[in-house]
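Architecture and fold: a report
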Amino acid sequence: MSDNDRLYRFLIENSHVRGELVHLNATWQAVLERADYPDTVKNMLGEALAACALLAATIKFSGSLILQIRGDGPLHLLVVQTTSEGSMRAIARWNGQVPEQGLHDIFGQGQMVITIEPIDGEPYQGIIALEGEHLKDALEAYFTQSEQLNTRLWLAADNKSCGGFLLQELPNNKDDDFSWEHFNHLADTLRDEEILQLPAQDILHRLFHEEDIRLFDPEPMCFRCSCSKERISSMLLSLGSDEVHDILEEQGKIKVDCEFCNAHYEFDRIDVDALFAPTIGSSTATKH
Ligand SMILES: [Zn+2]
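Here's a quick rundown of the structure. (Residues numbered from 1 in each chain as written. Predicted model: local features only at pLDDT ≥ 70, side-chain atom pairs only at ≥ 80, totals over all residues. Heavy atoms only, no water.)

A few words now on the overall build of the protein. Helix and strand counts for the protein stand at ten helices and 14 strands. Expressed along its principal axes, the backbone C-alpha trace of the protein runs to roughly 70 × 50 × 35 Å. Within the span of the protein, comprising 288 residues, buried residues form 47% of the whole. Of all intrachain contacts in the protein linking residues separated by at least 6 positions in sequence, the fraction that spans at least 24 positions is 62%. Across the protein, the 23 positively charged side chains and the 48 negatively charged ones have centroids separated by 5 Å. (Helix = DSSP H or I, 4+ residues; strand = E, 2+ residues; numbered from the N terminus. Buried < 20%, exposed > 50% of the residue type's maximum accessible area, 1.4 Å probe, protein only. Contact = heavy atoms within 4.5 Å. Lys, Arg positive; Asp, Glu negative; His and termini not counted. Charge placed at Lys NZ, Arg CZ, Asp CG, Glu CD.)

All of the protein donors around the zinc ion are Cys225 (SG), Cys227 (SG), Cys258 (SG) and Cys261 (SG); their distances to the metal are 2.2 to 2.3 Å. Bound by four donor atoms, the zinc ion shows angles of 104 to 113 degrees at the metal and therefore tetrahedral coordination geometry. (Donors = N, O, S within 2.8 Å, 3.2 Å for Na, K, Ca; no water. Tetrahedral: all angles 85-135°; square planar, octahedral: opposite > 155°, others 65-115°.)

Our focus in this paragraph is the state of the cysteines. On inspection of all chains with the given rule, the structure shows zero disulfides. Of all cysteine sulfurs, the one in Cys225 lies closest to Cys222, which takes part in no disulfide; the gap is 12 Å. Residue class for Cys222 comes out partly exposed when judged on its relative accessible area of 26%. (Disulfide = S-S within 2.5 Å.)

Inspection of the entire model under this criterion finds seven aromatic pairs. Taking the centre distance of 5.5 Å and the plane angle of 80 degrees together, the rings of Phe183 and Phe208 count as edge-to-face. You can see Phe183 sitting in helix α5 (residues 177-187) and its partner Phe208 sitting in helix α7 (residues 200-208), a full 25 residues away along the chain. This pair shows no difference in class: Phe183 is buried, exactly as Phe208 is. Of the aromatic side chains, those joined through ring pairs into one cluster are Phe10, Trp154, Phe165, Phe183 and Phe208. Lying over the aromatic face of Phe260, Arg89 brings its terminal NZ or CZ to 3.8 Å of the ring centre. (Phe/Tyr/Trp six-rings, centres within 6.5 Å; stacked < 30°, edge-to-face > 60°. Lys NZ or Arg CZ within 6 Å of the ring centre and 35° of its normal.)

The phi torsion at Asp5 lies on the positive side, around 55 degrees, for a residue other than glycine. As for its position among the elements, Asp5 is in the segment before β1 (6-12). Here Asp5 falls in the buried class, since its relative accessible area comes to 11%.

This part covers the sheet that holds strand β12 (residues 222-223). Pairing is mixed in the open sheet, where six strands are placed in the order β7-β6-β3-β4-β5-β12. Looking at the sheet topology across the chains shown, the edges are occupied by β7 (124-129) and β12. Judged from the two bridges that link them, strand β5 (residues 87-94) and β12 form a sheet pairing that is parallel. Each bridged residue has a counterpart across the sheet, and for Ser87 the counterpart in β12 is Cys222. Packing of helix α4 (residues 135-147) onto the sheet brings it into contact with β3 (63-71), β6 (110-118) and β7, and relative to β7 it is tilted by some 125 degrees. (Pairing = 2+ DSSP bridges. Axes fitted to C-alpha atoms, helices over the stretch in contact; angles between N-to-C directions.)

Below, the discussion takes up the pattern of salt bridges. Applying the stated rule across the entire model yields twelve salt bridges. Linking Arg34 and Glu33 is a salt bridge whose minimum nitrogen-to-oxygen distance equals 3.8 Å. Residue classification places Arg34 among the partly exposed residues on the basis of a relative accessible area of 28%. For Glu33, a relative accessible area of 64% puts it in the exposed group. A salt bridge links Glu249 to Arg269; the shortest N-O distance between them is 2.8 Å. Remark: Arg269 occurs in helix α10 (residues 269-276) and Glu249 occurs in helix α9 (residues 241-251); sequence separation between them is 20 residues. (Salt bridge = Lys/Arg side-chain N within 4 Å of Asp/Glu carboxyl O.)

Our next topic: the pairing of β5. Taken across its eight residues, β5 has six buried, putting it largely inside the fold. Relative to β5, strand β4 (residues 75-83) is paired through seven bridges, and the arrangement is antiparallel. Note that in β5 the partner of Leu75 across the bridge is Trp94. What sits between the antiparallel neighbours β4 and β5 is a turn of three residues, in which Gly86 has the positive phi angle 90 degrees.

Taken together, Asp242, Glu243, Asp246 and Glu250 make up a surface patch of like negative charges. Relative to the helices and strands, Asp242 is located in helix α9. (Patch = residues over 30% accessible without salt bridge, like charges linked within 9 Å, V, L, I, M, F, W, Y side chains within 5 Å. Areas by Shrake-Rupley, 256 points an atom, 1.4 Å probe, with all protein chains shown as cover.)

Any functional reading would require information beyond the geometric quantities listed.
Next up, the structure:
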């Protein structure tokens, strides 16, 4: 299992098709440790985690990419975030019994929101209605709509790992539909167990042994939460002194739990007073 928590990119030489493979193991276990998800939710979250890694690898950006699904059904919120450095986090929120299949039965009336937050620059958001039978259907529709590139995904998740495979047709002037269709047919033979268990080289050999494949060095993926006391402090600052002091009066302390990693942050009166104290000579104030 040398492919744990790695993302691979590849090119099919002499064609206009590129692809990616991802296999997440420890990253997925770290997500599962933080909540007791029912099977359907677990499956959907695992597929979304793999999809988010694949999606981020198709675009050049520096910052974070958030895949969010909101609906009015039993599984009403699913959020997966990945950074351009390969750190990931994910959560889902559900109520009661979640049906085993059918995107619409699971999420109800929903939408998928994909947000790219560059380190420098304005965030970009793409929103599409949640349609189709599987998560991959909605994602493929997103690609067609926003990137205008033919893209296909194959996703799988179980209790141990989650993974995905992606093919994308690059813009080209030639009528290259034949190879695109051909490679799709081959990839359609991929089984979930293969996505979850086979090393990247074996999958590529199994599917495309007649082709010349350029496989790039893998990129490591890991679970890491971007929460910190500084981030919570700036969130409290944005609420304003009055509101924060009201909570303090009511509860004695400000307690914030990170929903992604369960980290617990506490602010007592001294912390809050320090936070809202006027800074003297702000130009020399130290920055964390
Ligand atoms: Zn956190």
